[in-house]
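# Tertiary structure, described
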Amino acid sequence: MTVTGPVAAADLGVTLPHEHVFLDLTREYRGNGLLNDTALAESELKRYVDAGGRTLVDVTTGGLDGDPVALRAMAEATGLQIVRGAGYYRRAYFPPEVDELSTDALADLIVRDIEEGTDGVRAGIIGEIGCDRYVSALEERSFRAAARAHRRTGLTITTHAARWPVGTAQLDLLVEEGVDPSRVVIGHCDMVPDHDYHRALVERGAWIQFDTVQGVHEWDTQQRLGWLRSLADAGHLGRVLLSQDVCLRSDYAAMGGPGYAYVVTTFADRLREAGFDDADITMLTVDNPRRMLTGE
Ligand SMILES: [Zn+2]
């Protein structure tokens, strides 16, 4: 389900699994954390379309002030297929309902966003849902509500697990609620420089997502390429997702950042230089995100 209606799995094409179009992160990133300029957003998204991009998963969830109606207008203006996320981001951003409602009532709200939508714009994935260093009490409720909404709708759950290896606890919680690990994406794995952690998650059957592949320094890129080589050698490349997580103004290509096209342009070239072939790149940018979204 995209913001402009259903799309056949075979038509998803090149897909970015973890990005943001409109959001407000200014409580943490003052001066840089607001994406609300529609003309700028359109020109940034067009760079991805021009590079062959067909689909983008916008994982902007409750508390991040996404704008579903503006998002649908962006899909119409650019021709991009955009999938939007349901659920709640993390504690620092939670609206009062996460504290005030029961876990099942929260699940009802997520299911309503999936089945009826917000302002008529339906969600096609659950997440990003997350926490910081540990899963707090309220975040545990957000995870359990997401799991229950998944069991009622069949949509994949995608998480935020940045800097700390907290994806393990997130996966434990979802599995405890009856979610199959193959329907869970642990986000921001490349921000946790512990390859044993990455390996353990894929060996449990979850998706691992390297969604800041641009890194900050050349060392970061080399580290990510090394992890991908190790995963490929172990037969795990079919469980890896790549994205750029554009979420700050400085992430825009016009501001000198990676923009939305980095994965399919610069990073694809780096993968080829590192010995990956076109079939590997198609797996990472087309097949894996399709299988992740559909449960295929
Ligand atoms: Zn995140």
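Helix and strand counts for the protein chain come out as ten helices and ten strands. In terms of overall size, the protein chain behaves like a compact globule, its C-alpha atoms giving a radius of gyration of 17 Å where 296 residues would be expected to give roughly 19 Å. With the C-alpha coordinates aligned to their principal axes, the bounding extent of the protein chain is approximately 50 × 40 × 40 Å. Classification of the 296 residues of the protein chain by burial places 48% in the buried group. Excluding contacts between residues fewer than 6 apart, the proportion of contacts in the protein chain whose partners are at least 24 apart in sequence is 77%.

Spanning 17 residues, helix H10 (residues 278–294) covers 23 Å between terminal C-alpha atoms, matching the ideal 24 Å at 1.5 Å per step. Along H10, the largest kink reaches about 40 degrees and is centred on Leu284. Those residues of H10 not exposed but buried are Leu284, Thr285, Asn288, Pro289, Met292 and Leu293. Trailing H10 by a residue or two, Gly295 shows a phi angle of about 80 degrees, which is positive.

The subject of this paragraph is the nonpolar core. Core analysis: the largest hydrophobic core is formed by 82 residues, its most contacted members being Ile110, Ile126, Ala146, Val184 and Ile186. Discounting residues that sit within four places of it in the chain, Val184 has contacts with Ile157, Leu171, Leu174, Val179, Ala206 and Trp207.

So, on to the sheet that holds strand S8 (residues 184–186). Taken in spatial order, the eight strands of this open sheet run S1-S4-S5-S6-S7-S8-S9-S10, and their pairing is parallel. In this open sheet, the two strands that pair with only one neighbour each are strand S1 (15–19) and strand S10 (240–242). Mean inter-strand twist for the sheet, computed between neighbouring axes without regard to direction, equals 25 degrees. As paired elements, S8 and strand S9 (residues 207–210) share two bridges and run parallel to each other. Each residue of the ladder has a partner; that of Val185, found in S9, is Trp207.

Across the two faces of strand S4 (residues 55–58) the burial is the same, with Thr55 and Val57 and Leu56 and Asp58 all buried. Strand direction decides the pairing type here: S1 and S4, joined by three bridges, are parallel. Counterpart to Thr15 in the pairing with S4 is Thr55. As paired elements, S4 and strand S5 (residues 81–86) share four bridges and run parallel to each other. The partner of Val57 across the bridge, within S5, is Val83. Taken together, S4, helix H2 (residues 68–78) and S5 constitute a β-α-β crossover, and its handedness is right-handed.

Listing the buried residues of helix H9 (residues 263–273) in full gives Val263, Val264, Phe267, Ala268 and Leu271. Relative to the axis of H9, the buried residues are bounded by an arc of 110 degrees and lie together on one face. Opposite the buried face of H9, at more than 90 degrees from it, the exposed residues are Asp269 and Glu273. Lining the buried residues of H9 we find S1, S10 and H10. Remark: Gly275 follows H9 within two positions and exhibits a positive phi of approximately 100 degrees.

The rules behind these values
- Residues numbered from 1 in each chain as written.
- Predicted model: local features only at pLDDT ≥ 70, side-chain atom pairs only at ≥ 80, totals over all residues.
- Helix = DSSP H or I, 4+ residues; strand = E, 2+ residues; numbered from the N terminus.
- Rg over C-alpha atoms; globule rule 2.2 N^0.38 Å.
- Buried ≥ 20, exposed ≤ 12 C-beta atoms within 10 Å, placed from the backbone.
- Contact = placed C-beta atoms within 7 Å.
- Expected span 1.5 Å × (residues − 1).
- Bend = angle between axes of the 7 residues up to and from the residue.
- Core = buried A, V, L, I, M, F, W, Y, C linked by C-beta atoms within 7 Å.
- Pairing = 2+ DSSP bridges.
- Axes fitted to C-alpha atoms, helices over the stretch in contact; angles between N-to-C directions.
- Right-handed = clockwise from strand over helix to strand, strands pointing away.
- Arc of directions from axis to C-beta.

From the geometry alone we can't say anything about function, so treat these as descriptive.
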